[in-house]
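What the coordinates show
Given next are the chains, with one letter for each unit.
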Amino acid sequence: MRGGDMQGLSLIRDRLLGLRIDPRTGIVASARQVPSPNCDDRPPGAGIDLLVVHGISLPPGEFGGPYIDQLFQNRLDTSAHPSFAGLAGLRVSSHLLVRRDGELVQYVPLGRRAWHAGQSRFGARAACNDFSIGIELEGADDVPYQPVQYVRLAALLTALSAALPSLAGAPVVGHSDIAPGRKTDPGPAFRWSQLRHWLRAFGGRDLQVRTA
Ligand SMILES: [Zn+2]
């Protein structure tokens, strides 16, 4: 495809899906902004060259409540559900969340370090939070993700790699890939082939999506 066509395609895609990313502020314009205090500066010189896909639901397997926002803002009432007891004092966040209906939520600006990966390793490099962007999907390991979530995620990844040159050709992995034995999300229900399909459709084909 010619350069002009590519540019036109990405304009249409961004208009359709409302994805505008300001590389200076690291804000995704169409995302609902829910600022999390659980972030800090990336280490000096750390580039952003890894994309990490997560799955989260609170309570586990239940969707649509306010609890993810509350967890990432340290205002979750851990007495609200028995499963929340273990979350007391947890300080976590992600850059972005794609909800079941496709709604996009942003908790941390892209340039800041979100606390999503925990103890983790990608190849020879540990501490993946330093150099990655973390995207949560509202979901559970064994519950099929919604079709609109794949579309939204692929559009988002494509827009991210266009906005941040360091993400061109970046690997896209699951949390379970960088924290094996400790984390299982996004789980077997997440269909990487669907993500690849939509990335091809949006022109984000240079991203290195994990196989299987
Ligand atoms: Zn995760």
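Residues numbered from 1 in each chain as written. Predicted model: local features only at pLDDT ≥ 70, side-chain atom pairs only at ≥ 80, totals over all residues.

With respect to the overall build of the chain
Tallying secondary structure elements over the chain gives 5 helices and 13 strands in all. Against the compact-globule benchmark of 17 Å for 212 residues, the chain has a radius of gyration of 16 Å, which places it among compact chains. Principal-axis analysis of the C-alpha atoms places the extent of the chain at approximately 55 × 40 × 30 Å. Taken across its 212 residues, the chain has 38% of its residues classed as buried. Sequence separation of 24 or more characterises 71% of the internal contacts of the chain that already satisfy a separation of 6 or more. (Helix = DSSP H or I, 4+ residues; strand = E, 2+ residues; numbered from the N terminus. Rg over C-alpha atoms; globule rule 2.2 N^0.38 Å. Buried ≥ 20, exposed ≤ 12 C-beta atoms within 10 Å, placed from the backbone. Contact = placed C-beta atoms within 7 Å.)

Quick notes on the pairing of strand β11 (residues 132-138)
Counting buried positions along β11 yields 7 of 7 residues, so the element is predominantly enclosed. Burial of β11 is two-sided: the residues Ser 132, Gly 134, Glu 136 and Glu 138 facing one way and the residues Ile 133, Ile 135 and Leu 137 facing the other way are all buried. Where strand β5 (residues 50-56) and β11 come together, 7 bridges link them in parallel fashion. By the bridge assignment, Leu 51 is partnered in β11 with Ile 133. (Pairing = 2+ DSSP bridges.)

A word on the nonpolar core
Among the nonpolar cores identified, the biggest contains 51 residues, and Leu 51, Val 52, Leu 96, Ile 135, Leu 153, Leu 156 and Leu 157 are the most heavily contacted of them. At the level of secondary structure, the elements contributing two or more residues to this core comprise β5, α2 (67-72), β6 (96-98), β7 (104-106), β11, α3 (147-163), β12 (171-174) and α5 (192-202). Looking at which element gives the most residues to this core, the answer is α3, with 9 residues. With sequence-adjacent residues up to four places away left out, Leu 96 is seen in contact with Val 28, Ala 31, Leu 104, Val 105, Gln 106, Ile 135 and Leu 156. (Core = buried A, V, L, I, M, F, W, Y, C linked by C-beta atoms within 7 Å.)

Some thoughts on the sheet that holds β12
Taken together, 7 strands build an open sheet; the order of strands is β3-β7-β6-β11-β5-β12-β13 and the sheet is mixed. Two strands lie at the open edges of the sheet, namely β3 (32-33) and β13 (208-209), each paired on one side alone. Sitting on the sheet, α3 touches β5, β6, β7, β11 and β12, and the angle it makes with β11 is about 165°. (Axes fitted to C-alpha atoms, helices over the stretch in contact; angles between N-to-C directions.)

Some details on the environment of Gly 118
Here Gly 118 is to be found in the loop between β8 (113-114) and β9 (121-122). Judged by C-beta crowding, with 14 C-beta atoms within 10 Å, Gly 118 ranks as partly exposed.

Looking at the environment of Ala 179
Mapping Ala 179 onto the fold places it in the loop between α4 (175-178) and α5. Taking the C-alpha atoms as reference, Ala 179 lies 4.8 Å from Ser 120; in sequence the two are 59 residues apart. Beyond its immediate chain neighbours, meaning those up to four positions away, Ala 179 contacts Ala 117, Gly 118, Gln 119 and Ser 120.

Things to note about the environment of Leu 71
Mapping Leu 71 onto the fold places it in helix α2. If we skip the residues at most four places from it in the chain, Leu 71 touches Leu 58, Leu 76, Leu 87 and Val 92.

Brief notes about α5
Residues of α5 that are buried: Leu 195, Leu 199 and Phe 202. Each buried residue of α5 sits inside an arc of 65° when the element is viewed along its axis, so together they form one side. For α5, the exposed residues set more than 90 degrees away from the buried face come down to Ser 193 and Arg 200. Note on α5: the residue one or two positions beyond its end, Gly 203, has a positive phi of about 85°. (Arc of directions from axis to C-beta.)

Limitation: the analysis is restricted to geometry and does not speak to function.
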